[in-house]
Amino acid sequence: MKGYESLLRSSYNWLKGIPAAPGLYIGNAYIYSKESIVVKDGTIDDVDEAISAFHEALERSKKELDKIFNVAKEKMGEQRAAIFEAQLLILEDPDLIGMIESRIIAEKREPESIVKEEFNKVMTVMYNAEDSYMKERANDIEDIRNRIIRNLKKERWSGKVIEGTVVVSEMLTPADTILFARSDVKGYITEHGGLTSHAAIIARSLNIPAILGVPKVLEMVENGTELIVDGFYGYVFINPTEEQVEFFKDKIEHLDKVNEGMKELMDLPSVTLDGVEIEIQANVDVSGEIEKLGTSGTTGVGLYRTEQLIEELGEFPDEETQTKIYSDLSARVYPDNATIRAFDLGGDKTRLFHPSEKNPFLGLRGIRFLLDNTDLFKQQIKAILRAAVNRNISFMLPMVSTLKEIRETKELIEICKEELKRDGKRFSPDFQLGIMIEVPSASVLASQLALEVDFFSIGTNDLIQYMMAVDRGNDLVADLYQEFHPAIIRTLGYIMTDCKDIDIKISICGEMAADTLAVPLLIGLGIKSLSVSPAAAPSIKRTIRSFSYSRAKELADECFKCSAEEEVIEKIQLFFEEFNIQRTRHII
Ligand code: PEP
Ligand code: MG
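Conventions used here
Residues numbered from 1 in each chain as written. Chains lettered and ligands numbered in written order. Predicted model: local features only at pLDDT ≥ 70, side-chain atom pairs only at ≥ 80, totals over all residues. Heavy atoms only, no water. Phe/Tyr/Trp six-rings, centres within 6.5 Å; stacked < 30°, edge-to-face > 60°. Helix = DSSP H or I, 4+ residues; strand = E, 2+ residues; numbered from the N terminus. Lys NZ or Arg CZ within 6 Å of the ring centre and 35° of its normal. Near = heavy atom within 4 Å. Polar contact = N/O pair within 3.5 Å; in protein donor to acceptor, adjacent residues only side chain to side chain. Areas by Shrake-Rupley, 256 points an atom, 1.4 Å probe, with all protein chains shown as cover. Nonpolar A, V, L, I, M, F, W, Y, C, P; charged D, E, K, R; others polar. Contact = heavy atoms within 4.5 Å. Axes fitted to C-alpha atoms, helices over the stretch in contact; angles between N-to-C directions. Parallel < 35°, antiparallel > 145°, perpendicular 65-115°, else oblique. Left-handed = near helix turned anticlockwise from the far one by under 90°. Donors = N, O, S within 2.8 Å, 3.2 Å for Na, K, Ca; no water. Buried < 20%, exposed > 50% of the residue type's maximum accessible area, 1.4 Å probe, protein only. Pairing = 2+ DSSP bridges. Patch = residues over 30% accessible without salt bridge, like charges linked within 9 Å, V, L, I, M, F, W, Y side chains within 5 Å. Salt bridge = Lys/Arg side-chain N within 4 Å of Asp/Glu carboxyl O. Lys, Arg positive; Asp, Glu negative; His and termini not counted. Charge placed at Lys NZ, Arg CZ, Asp CG, Glu CD.

By the definition in use, this model includes 16 aromatic pairs. Both rings, one in Tyr32 and one in Phe180, keep their centres 4.8 Å apart while their planes meet at 80 degrees; by these two values the pair is edge-to-face. Residue Tyr32 is found in strand S3 (residues 24–32), and its partner Phe180 is found in helix H6 (residues 174–182); the two are separated by 148 residues along the sequence. Its end group placed over the ring of Phe69, Lys73 keeps NZ or CZ at 4.3 Å from the ring centre.

What follows concerns the site of ligand 1. In the vicinity of ligand 1 lie 14 residues, with Arg305, Arg341, Gly459, Asn461 and Arg472 positioned nearest. Thr460 places a main-chain nitrogen or oxygen 3.1 Å from an oxygen atom of ligand 1. Protein contact buries 99% of the 290 Å² of open area that ligand 1 shows by itself. Mapped by element, the contributors of at least two residues to the shell around ligand 1 are strand S10 (301–305) and helix H18 (460–468). The leading source of residues in the shell around ligand 1 is H18, at 3 residues. For the shell around ligand 1, the residue count by class is 3 nonpolar, 4 polar and 7 charged.

Another point: the environment of Asn139. Take Asn139: it is sitting in helix H5 (residues 132–152). Distance in space between the C-alpha atoms of Asn139 and Gly434 is 38 Å, their sequence separation being 295 residues. Residues in contact with Asn139, not counting those within four places in the same chain, are Tyr127 and Met171.

One way to put it is that helix H3 (residues 94–107) packs onto helix H4 (residues 111–127) with a least axis distance of 10 Å and a crossing angle of 140 degrees. By the angle class used here, H3 and H4 are oblique. Crossing handedness for the pair H3 and H4: right-handed. In this structure, H3 contributes Leu96, Met99, Ile100, Arg103, Ile104 and Glu107 to the contact, and H4 contributes Pro111, Ile114, Val115, Glu117, Glu118, Phe119, Lys121 and Val122. Residues belonging to the contact of H3 with H4 are distributed by class as follows: 9 nonpolar, no polar and 5 charged.

Let's shift gears to the coordination of the magnesium ion (ligand 2). At 2.0 to 2.1 Å from the magnesium ion (ligand 2) lie its protein donor atoms, namely Glu438 (OE) and Asp462 (OD). Of this pair, Glu438 sits in the loop between strand S13 (432–437) and helix H16 (440–444) while Asp462 sits in helix H18, and the two are 24 residues apart along the sequence. Side by side, Glu438 and Asp462 carry an identical accessibility label, which is buried.

Moving on, we get to the sheet that holds S3. The sheet built from 8 strands is open, its strands ordered S1-S8-S7-S3-S4-S5-S6-S2 with mixed pairing. Either end of the sheet is taken by a strand with one partner, and the two such strands are strand S1 (14–16) and strand S2 (18–21). With strand direction ignored, the average angle separating the axes of adjacent strands in the sheet is 30 degrees. Summarising the sheet, S3 and strand S4 (residues 166–169) pair through 4 bridges and their orientation is parallel. Residue pairing across strands places Ile31 opposite Val168, the latter belonging to S4. Running at roughly 150 degrees to strand S5 (residues 187–190), H6 makes contact with S3, S4 and S5 of the sheet.

Moving on: the pairing of strand S7 (residues 226–230). Of all the 5 residues making up S7, 4 are buried; the element is thus mostly covered by neighbouring parts of the structure. Bridging between S3 and S7 involves 5 bridges; their strand directions are antiparallel. Across the sheet, the residue bridging to Ile26 is Ile228, located in S7. Pairing geometry for S7 and strand S8 (residues 235–238), over 4 bridges, is antiparallel. Across the sheet, the residue bridging to Leu227 is Ile238, located in S8.

A contiguous patch of negative charge, built from Glu242, Glu246, Asp250, Glu253 and Asp256, is present on the exposed surface. You can see Asp256 is positioned in helix H9 (residues 242–265). Exposure remark for Asp256: the relative accessible area of 49% places this residue in the partly exposed category.

Our focus in this paragraph is H18. In terms of burial, H18 is a largely internal element, 8 of the 9 residues being buried. Turning to H18, the residues buried within the fold contact S10, S13, H16, strand S14 (455–458), helix H19 (486–498) and strand S15 (505–508). With its phi angle positive at about 55 degrees, Ala469 sits one or two positions after the end of H18.

Right under this line is the structure:
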């Protein structure tokens, strides 16, 4: 990294954005500017003709999206492609379409302008929602609006790009991202957009480096400009110097070798050089990832995000459906363990229930929502009890901030057992109960909460968000989202020492565990179990096998005394140099 820093200082020909999808590429820019849409306004004579033109445009848009949906399914799997299925549903929304039709009839105006106005109403509500999730979804609606209007004009999509280029654009829609990938695009750079945008999710699934939220990049770059894209750190080098090109060529060569080497790691044990064993489990977000477990070298599932089921299924799964899903998971990982997390609804997650909350991150989220909706919660608890017959299921509660929440949940579990007994349903009372430590109050109260449960899983994604008072999806404050802030390191260390005399398993399932740079520090702090996405597991194992636990402990002690993130990172970088470790980051 020392080399990297001097490279940055040697020439100020770079811009910094949000590293949204990892990877490196050296190539030429392709500027993609969105078609600006000019709509015809004015009155029409033939209403019937206008209505049928509107329907033709809808049909054509559906056909286009269907095609995109199929490409997406092929490139990124059914689950992630569901983004486009959701767009197709909007094209069939009877209320929206009915409203547009009746306005064409009543006002006798050009359908283009009525489509624009009606879609804009929906978008305005979303843009005003003041949370990044809704804003990102408004961009999807804008894409559909433009598609219909373009088809009303009988124009074709002009999204041709040159193969092997880096697309530079103001922003990207999910459809752009997937279609460009078909032309073998090698990188994405946008002025707007954050980590939770669909473009970012797609780029990660496709393994194409992406840097989003790069201010003023379009002012600095033209078609054909040579660029270096560093999706690990979020730097774009414009017209790079010879020195920079050499530096990154070396890195790319090294990365290729590392990726090749990863395959060999599969069956090797996850131990430090001095023999300390570290468990690596898998985070599972979508069902597709369950399939990857077999080849990732992970041992069981450390986090199964059940709220994703609602997105995947399009509805809230009932007790029977959940029992089947959890039983399948349990069977698939057996004899390893599967940690199933209770629905973490609210916040930036599925917003089916309370879409109007002003401050959803601090609202009725996770365990708070579940204890407020005990009918739903009981269905899930019963499904867990029924699926636990293989004795390899753990159940984990998200967003716990008080002892009372744990006790109330335990009471509900007892009620569920009684009801299952009464109904003659087979279940096992033996599952491990744990909590996420992701709210500052829970971390401060760790040793007391530890007496109530079997395990902790530290959710650094939210813990950092709440400790730093930084919205994890907001690109305006992304630089304050510091996983190496000394306050975060000290908090993690505090949890470990506070619980050192208590028999409780503590693991980490936030993205920090998947950052190789964080691994020696976390292990030095005493963490013996990490849960990461299957794609990140090989590089984490490789890192663990590269250093000694005794030195990692010393590193943790040194970092503990630091007063700024930069100091912590510097110490870790020296450690990486000492053991000759390469940093790779996978964010899935
Ligand atoms: C976390 O907060 O670190 C975590 C793993 O949960 P999620 O990302 O689902 O909020
Ligand atoms: Mg969380």
